[in-house]
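Results of the structural survey
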Amino acid sequence: MGIEKIVSDLKGHENIDLKKRKRRRKIVVSRVQKLYQISKQVFANCEPGVVPSPENIGRLKAVLDKITETDVGLRPSMPYFKSTVSHRPPKITYLHIHECDNFSIGIFCLPPKAVIPLHNHPGMTVFSKLLFGKMHIKSYDWADNLLPESSTPNANIFYDDAVGCTGPRLAKLKVNSEFKAPCKTSILYPADGGNMHCFTAITACAILDVLGPPYCDPEGRHCQYYYDFPFANLSVDDLSKPEEQQSEYWWLKEREKPEDLTVAGALYRGPNLVFK
């Protein structure tokens, strides 16, 4: 048997063994990679104001429900979550994972007592997963359909004229509760599910957000902040609610971004994403 034949046979066996090893080797895909891949599919053809199909919402929610802080490289002992002694509200840290025209993925890291003020998500579908900790969430949806035509609220609200707010709008309270991890993913929609919400950290906590589409000022998806005032603070002709229902309705008034709100960006150090 010639040397060429021996070498050829060895190469043949080597290739067969390599194929067997590849078949036996289990390819592990990180949960954050799965999240990226499913998000890319779910938001592939969704325009502002268009909600993904129930099937796609279920697919994305199922992935998020399984994700924990360890899947994204977080620990409650990290500096982002430490309490600070200051007269200003605690600094919030945002970990950017991915953003494209169709969706964004990121994590808000809140130390105790940190607050993400009441704000909106114009034309967006938003998935939020509390990874760890305990927080209070308050959210609203617009209730303009309850207002009589051509009505103008008569405000009994005291605020700084320098803020430059526009007129108040009626909203219905959607959520006003405490949440503690582990818990299921919450979802808000362009016109339902609590599109305007406020997060208050009771303990250190982390929130993983998927937004589709993301904020974009040139396209009119600007993050607007609000004050909220009880229903009884304003009066509108031909609009009344029984006293026991008044706590369900609030007036929201636009405001500038709070001066004491500090959100700092930081590098995401969890599993790398493969963009394909």
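Residues numbered from 1 in each chain as written. Predicted model: local features only at pLDDT ≥ 70, side-chain atom pairs only at ≥ 80, totals over all residues. Heavy atoms only, no water.

**Some details on the overall build of the protein chain**
Across its full length, the protein chain holds three helices and 14 strands. Expressed as a percentage of its 276 residues, the buried residues of the protein chain come to 40%. In the form shown here, the protein chain has an accessible surface area of approximately 16,000 Å², with 52% of it arising from carbon and sulfur atoms. (Helix = DSSP H or I, 4+ residues; strand = E, 2+ residues; numbered from the N terminus. Buried < 20%, exposed > 50% of the residue type's maximum accessible area, 1.4 Å probe, protein only. Areas by Shrake-Rupley, 256 points an atom, 1.4 Å probe, with all protein chains shown as cover.)

**Some words on the confidence of the model for the protein chain**
Chain-level statistics for the protein chain give a pLDDT mean of 85 and a share of 79% at 70 or above. Overall, residues 1-14 carries pLDDT values under 50, and its contacts beyond four positions in sequence, including any with other chains, amount to two contacts. In this model residues 155-165 is a low-confidence stretch, pLDDT under 50, and it forms 16 contacts with partners more than four residues away in sequence or in other chains. (pLDDT = per-residue confidence, 0-100. Contact = heavy atoms within 4.5 Å.)

**A look at the pairing of strand 2 (residues 104-110)**
Judged by how many residues are buried, strand 2 sits mostly within the fold: six of seven residues are covered. Strand direction decides the pairing type here: strand 1 (residues 92-99) and strand 2, joined by six bridges, are antiparallel. Residue pairing across strands places Glu 99 opposite Ser 104, the latter belonging to strand 2. In this sheet, strand 10 (residues 205-212) lies alongside strand 2 in antiparallel orientation, the contact comprising seven bridges. By the bridge assignment for strand 10, Ile 107 is matched with Leu 208. (Pairing = 2+ DSSP bridges.)

**Some details on the nonpolar core**
Of all hydrophobic cores here, the largest spans 32 residues; its most connected members are Leu 35, Leu 60, Leu 74, Ile 107, Leu 131 and Leu 208. Looking at this core, the elements with two or more residues in it are helix 2 (31-42), helix 3 (54-66), strand 1, strand 2, strand 4 (125-132) and strand 10. Sequence-distant contacts of Leu 35, that is, excluding residues within four places in its chain, are made with Leu 60, Val 63, Leu 64, Ile 67, Ile 105, Leu 208 and Val 210. Counting residues in hydrophobic clusters, the runner-up holds 15 residues, among them Leu 130, Met 135, Ala 201 and Leu 261. (Core = buried A, V, L, I, M, F, W, Y, C linked by side-chain atoms within 4.5 Å.)

**Quick word on unusual backbone geometry**
Leaving glycine aside, a negative phi is the common case for residues, and trans is the common case for peptide bonds. Between Ala 181 and Pro 182 the backbone carries a cis peptide bond, its omega angle lying at 0°. Of note, Pro 182 is situated in the loop between strand 7 (169-180) and strand 8 (186-188). Cis peptide bonds are those with omega within 30 degrees of zero, and the linkage from Gly 212 to Pro 213 qualifies with -10°. Even without glycine at this site, Lys 113 takes up a positive phi of about 75°. Looking at the secondary structure, you find Lys 113 in the loop between strand 2 and strand 3 (115-119).

**Details of the side chain of Thr 125**
Along the chain, Thr 125 turns up in strand 4. Residue Thr 125 is classed as buried on the basis of its relative accessible area of 0%. With sequence-adjacent residues up to four places away left out, Thr 125 is seen in contact with Phe 43, Val 50, Val 51, Pro 52, Ile 187, Leu 188, Tyr 189, Pro 190, Val 210, Leu 211 and Gly 212.

**Here we look at the sheet that holds strand 4**
Two pairing modes exist for strands in a sheet, parallel and antiparallel, and in both the strands are linked by backbone hydrogen bonds. Spatial strand order, 8-4-10-2-1-14: six strands in an open sheet with mixed pairing. In this open sheet, the two edge strands, each paired with only one partner strand, are strand 8 and strand 14 (263-267). Sheet twist, expressed as the average angle between the axes of neighbouring strands with direction ignored, equals 25°. By the bridge criterion, seven bridges tie strand 4 to strand 10 in an arrangement that is antiparallel. Note on strand 10: the bridge partner recorded for Phe 132 is Ala 206. Sheet strands in contact with helix 3 are strand 4, strand 8 and strand 10, and its direction is about 15° off that of strand 4. (Axes fitted to C-alpha atoms, helices over the stretch in contact; angles between N-to-C directions.)

**Quick word on the pattern of salt bridges**
On inspection of all chains with the given rule, the structure shows six salt bridges. Taking the shortest distance from any N to any O, the salt bridge between Asp 192 and Lys 174 comes out at 3.8 Å. A residue pair is termed long-range when its members are at least 10 positions apart, and Asp 192 in the loop between strand 8 and strand 9 (196-201) and Lys 174 in strand 7 qualify at 18 residues. Assessed through its relative accessible area of 46%, Lys 174 is described here as partly exposed. Its salt-bridge partner being Glu 219, residue Arg 221 comes within 2.8 Å of it at the nearest N-O pair. Given a relative accessible area of 4%, Arg 221 falls into the buried group. (Salt bridge = Lys/Arg side-chain N within 4 Å of Asp/Glu carboxyl O.)

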